[in-house]
Amino acid sequence: MDLFDYMREKNMETEAPLAARMRPRTLDEVVGQEHIIGRDKLLYRAIKADKLSSIIFYGPPGTGKTTLAKVIANTTSAQFTQINATVAGKKDMEEVVAKAKELRGMYGKKTILFIDEIHRFNKGQQDYLLPFVEDGTVILIGATTENPYFEVNGALLSRSIIFELKPIPKEAVQRLIRTAVYDADRGMGSYGAVIDEDAVEFLADISGGDARHALNAVELGVMTTNRAGDGKIHITLEVAQECIQKRAVRYDKTGDNHYDTISAFIKSMRGSDADAAVYYLARMLYAGESVTFIARRIMICAAEDVGNADPNALVVAVNASLAVERVGMPEAQIILAQAVSYVASAPKSNAACIAISEAMQEVGESGNLPIPPHLQDAHYKGAAKLGHGTGYKYAHDYPNHYVEQQYLPYELSGKEFYRPTGNGYEVKIREHMKKLKQGPTRI
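All figures in this text were calculated on a predicted structure; none of them were measured in a lab.

How each quantity is defined
Residues numbered from 1 in each chain as written. Predicted model: local features only at pLDDT ≥ 70, side-chain atom pairs only at ≥ 80, totals over all residues. Heavy atoms only, no water. Helix = DSSP H or I, 4+ residues; strand = E, 2+ residues; numbered from the N terminus. Buried < 20%, exposed > 50% of the residue type's maximum accessible area, 1.4 Å probe, protein only. Contact = heavy atoms within 4.5 Å. Areas by Shrake-Rupley, 256 points an atom, 1.4 Å probe, with all protein chains shown as cover. Lys, Arg positive; Asp, Glu negative; His and termini not counted. Charge placed at Lys NZ, Arg CZ, Asp CG, Glu CD. Core = buried A, V, L, I, M, F, W, Y, C linked by side-chain atoms within 4.5 Å. Pairing = 2+ DSSP bridges. Axes fitted to C-alpha atoms, helices over the stretch in contact; angles between N-to-C directions. Arc of directions from axis to C-beta. Right-handed = clockwise from strand over helix to strand, strands pointing away. Phe/Tyr/Trp six-rings, centres within 6.5 Å; stacked < 30°, edge-to-face > 60°. pLDDT = per-residue confidence, 0-100. Patch = residues over 30% accessible without salt bridge, like charges linked within 9 Å, V, L, I, M, F, W, Y side chains within 5 Å. Salt bridge = Lys/Arg side-chain N within 4 Å of Asp/Glu carboxyl O. Parallel < 35°, antiparallel > 145°, perpendicular 65-115°, else oblique.

Notes on the overall build of the chain
Here's step 1: Of the regular secondary structure elements, the chain holds 20 helices and 7 strands.
Here's step 2: In terms of principal-axis extent, the alpha carbons of the chain reach across some 100 × 65 × 40 Å.
Here's step 3: Burial status across the chain gives 42% buried among its 443 residues.
Here's step 4: Pairs at least 24 apart in sequence give 72% of the contacts found in the chain among residues at least 6 apart.
Here's step 5: Total accessible area computed for the chain in this model is approximately 24,400 Å², and 53% of it derives from carbon and sulfur atoms.
Here's step 6: Seen as two clouds, the 52 positive and the 56 negative side-chain charges of the chain have centres 4 Å apart.

Looking at the nonpolar core
Soluble globular proteins tend to pack their nonpolar side chains together in the buried interior.
Here's step 1: Counting 31 residues, the largest nonpolar core has Leu 18, Ile 177, Ile 195, Leu 203, Leu 215, Val 218 and Val 222 as its most contacted members.
Here's step 2: At the level of elements, α2 (18–21), α10 (170–182), β6 (193–195), α11 (197–206), α12 (211–224), β7 (233–235) and α13 (237–243) are the ones that each hand at least two residues to this core.
Here's step 3: Among all residues touching Ile 195, those that are not within four sequence positions of it are Ile 177, Val 181, Tyr 182, Val 200, Leu 203 and Ile 235.
Here's step 4: Counting residues in each nonpolar core, the second largest holds 30 residues, with Ala 274, Leu 285, Ile 294 and Ala 346 among its members.

Some thoughts on the sheet that holds strand β4 (residues 139–144)
Here's step 1: The strand order β2-β3-β4-β1-β5 describes an open sheet built from 5 strands, whose pairing is parallel. Each of the sheet's edge strands pairs with one partner strand only, and the pair in question is β2 (79–84) and β5 (161–164). Within the sheet, the average angular offset between the axes of one strand and its neighbour, ignoring direction, is 15°.
Here's step 2: Where β2 meets strand β3 (residues 111–116), 6 bridges bridge the pair, whose relative direction is parallel. Across the sheet, residue Asn 84 finds its bridge partner in β3, namely Asp 116.

So, the side chain of His 119
Here's step 1: Turning to its location among the elements, His 119 is positioned in the loop between β3 and α7 (123–134).
Here's step 2: Ignoring sequence-local partners within four residues, the contact set of His 119 consists of Thr 144, Thr 145, Glu 146 and Glu 151.

A short note on helix α4 (residues 42–49)
Think of an α-helix as 3.6 residues a turn; residues three or four steps apart then line up on the same face.
Here's step 1: For α4, the set of buried residues is Leu 43, Tyr 44, Ala 46 and Ile 47. Along the long axis of α4, the arc covered by the buried residues comes to 165°, so they all point the same way.
Here's step 2: The secondary structure elements touched by the buried residues of α4 are α3 (34–37), β1 (55–58), α5 (65–75) and β5.
Here's step 3: Following α4 by one or two positions, Asp 50 has its phi on the positive side, about 55°.

Some words on the pairing of β4
Here's step 1: Here β4 lies mainly inside the structure; 6 of its 6 residues are buried.
Here's step 2: Residues Ile 139, Ile 141 and Ala 143 point to one face of β4 and Leu 140, Gly 142 and Thr 144 to the other, with burial holding for every one of them.
Here's step 3: As paired strands, β1 and β4 are joined by 4 bridges and run parallel to one another. Counted as the bridge partner of Ile 55 is Ile 141 from β4.
Here's step 4: The sheet contact formed by β3 and β4 spans 5 bridges and is parallel. Bridge assignment links Phe 114 to a residue of β4, and that residue is Ile 141.
Here's step 5: As a crossover connection, the stretch from β3 through α7 into β4 is right-handed.

A word on the packing of aromatic side chains
Aromatic rings considered in pairs are described by the distance between their centres and by the relative angle of their planes.
Here's step 1: The tally for this structure, following the rule as stated, stands at 4 aromatic pairs.
Here's step 2: Look at Tyr 128 and Phe 132: their rings are 5.3 Å apart centre to centre, the planes differ by 55°, and that puts the pair in the tilted class. Taken together, the residues Tyr 128 and Phe 132, both in helix α7 and 4 residues apart, mark about one turn of the helix.
Here's step 3: Here the aromatic rings of Tyr 279 and Tyr 280 are separated by 5.1 Å at their centres, their planes lie at 70°, and the arrangement is edge-to-face.
Here's step 4: A relative accessible area of 44% means that Tyr 279 is categorised as partly exposed.

Topic: the confidence of the model for the chain
Here's step 1: This prediction gives the chain a mean pLDDT of 85; 91% of its residues lie at or above 70.
Here's step 2: Per-residue pLDDT, averaged within each element of the chain, yields its smallest value for helix α1 (residues 3–15) (50) and its largest for helix α18 (residues 332–345) (95).
Here's step 3: Within the model, pLDDT remains below 50 along residues 3–8, and this stretch shows 1 contact once partners closer than five positions in the same chain are excluded.
Here's step 4: This model gives residues 246–253 a pLDDT under 50, and the stretch forms 28 contacts once residues within four places in sequence are excluded.

Here we look at a nonpolar patch on the surface
Here's step 1: A contiguous nonpolar surface patch, about 210 Å² in accessible area, is contributed by Leu 314, Val 318 and Leu 322.
Here's step 2: Within the secondary structure, Val 318 is located in helix α17 (residues 312–327).
Here's step 3: You can call Val 318 partly exposed: its relative accessible area is 32%.

Description of a negative patch on the surface
Here's step 1: A surface patch of like charges, here negative, comprises Asp 196, Asp 198, Glu 201, Glu 238 and Glu 242.
Here's step 2: Within the residue set of the negative patch, elements represented by two or more residues are α11 and α13.
Here's step 3: When you line up the elements, Glu 238 lands in helix α13.

Observations regarding the packing of helix α6 (residues 90–107) against α7
Here's step 1: At their nearest, the axes of α6 and α7 sit 10 Å apart, and the two run at 5° to each other. On the basis of the axis angle, α6 is roughly parallel to α7. Mapping the contact onto sequence places Lys 90, Met 93, Glu 94, Val 97 and Lys 101 in α6 and Gln 125, Tyr 128, Leu 129 and Phe 132 in α7.

Re the pattern of salt bridges
Here's step 1: In total, this model carries 10 salt bridges according to the counting rule given.
Here's step 2: Here Glu 29 and Arg 25 are joined by a salt bridge, their closest N and O atoms 3.1 Å apart.
Here's step 3: Residue Glu 29 is classed as partly exposed on the basis of its relative accessible area of 30%.
Here's step 4: For Glu 197, the salt bridge goes to Arg 178, with nearest N and O atoms at 2.9 Å. One end of the pair, Glu 197, is in helix α11; the other, Arg 178, is in helix α10, and 19 residues separate them in sequence.
Here's step 5: Given a relative accessible area of 42%, Glu 197 falls into the partly exposed group.
Here's step 6: Arg 178 gets classed as partly exposed once you look at its relative accessible area, which sits at 29%.
Here's step 7: One network of salt bridges, in which partners are shared, links Arg 25, Glu 29 and Arg 186.

What follows is the structure in C-alpha cells.
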C-alpha cells in the first residue's frame, strides 16, 4: 500500500456513511445475533480460533451479514477477499482463484472469499466456485437476503454451514442509536447533538431490526437539523419522523409476520372481502414478497375456496401467474390486483376441496378396492378373456350422453364425495346432475 492508498482509506473511514463507520470491528462490538455468536456458540469459537469452514449468512437487510464478514477479515490470518455478486463476473472469480492458488502453493496461506448477495450469481457462476470450495482453495463466506435453499446451488449448500441472522432486537438498536449520536470517534458526537428518548424508541421501533435503517435516519437528522438556542442539535420525535417519511413495512419471509399476513390475505379472499384482500396484497408487495409466491396462493384459493361456483376463477388465477412472470414489477401488481379482486368477489364453494379430502380419507381407510370389471381396460393382452370391460355402457350412445351404471367400487355404492353447493355455477351443476339422474335413461 502506497501513501496515496493509505490516505484514500483514511479519508473513506472519516467520510463514509455513519452506518459504515459504526460497523463493529470485533466480535465483542457486535449487537444481536447471540444465537450464533454467543461465547459458547460454534461461529464464535471458529472465528476466535481462526478455523472457519465455508459458511453462508442468511437474513434480512441490516442485520449484520457484511459486518460479521468484516469482523472475520479483522481477525483471520487468511487472505480476505471481497466481491459483490451484483457486479462481479466469472473473470473476477478466476482472478481470486488464481491468487488463492498462488498463496496456498507458495506460502501455505488460506484465502477467504466473501461474496455479498451471493443469490445474484447464476447457476453457472456458482458451479464454477464448487471445485475450489471443495478442495479448500477458497473458504467461501456468502451473504444473502434470500432463502439459500432456493437461491444457492445445492452442492455449495452441502459444503457450507448456514447461519440465519435475525432482526436486531429493539433494545440493541436503541443502544446503537445512542452510541451513534454521542460517540465522538466513529459516531456523530463531534456535532454536539442530543436525542430525545421518545425519538430513540421511535427510530428503534420503525427500523424493524435493521440497524442500517436506524443509523441512516440518525445521520440525516443530525446533518439537516439546525442548532437550537443552546447551540446543540436536538433530535426530537418530530425530527425523527421527518427523517423517515414512511414506515417500512418489512417482515422476515420465514417468520410469524409473513404467515400472519398471508393468512389474512387468503382468509379475506375466502371471505369475499376484496378490499381487505387487496390491502394485504399491497402489504406483501410493499415488503418485497415474491410475486410468484403470491400468485401461487391466489391459484390455490381459486381452486379451494371458489371451485366450481365460478370455474373461471382458476383460469384468471393461472393466467395471472403466467403474466406476472413475464411482466415483472411494478406492473405485475396490477395483474395480481385483478386476480385477487376477481377471486375475492367470486361466489364461493369448497365442495371440490371437501370431495378430494373425503376421497383421500376413504382410500386411506379402505385401500385399493376392486374396480368394477366393466370399467377395467379391455385392450391389453388377455384382458377381454378375463371379462375386463364386459358390459360397459358408452355414455355417448344414450340420450343426454348419460347412462347410469356402477362407477364406484361396489363396496362404495351410493357413496357421495362431490356435493355441489347452491352458490354460483354449482347451482347449474347440481340441477344438471339431478336432471340426468331423474331422466328416462336409468338402466
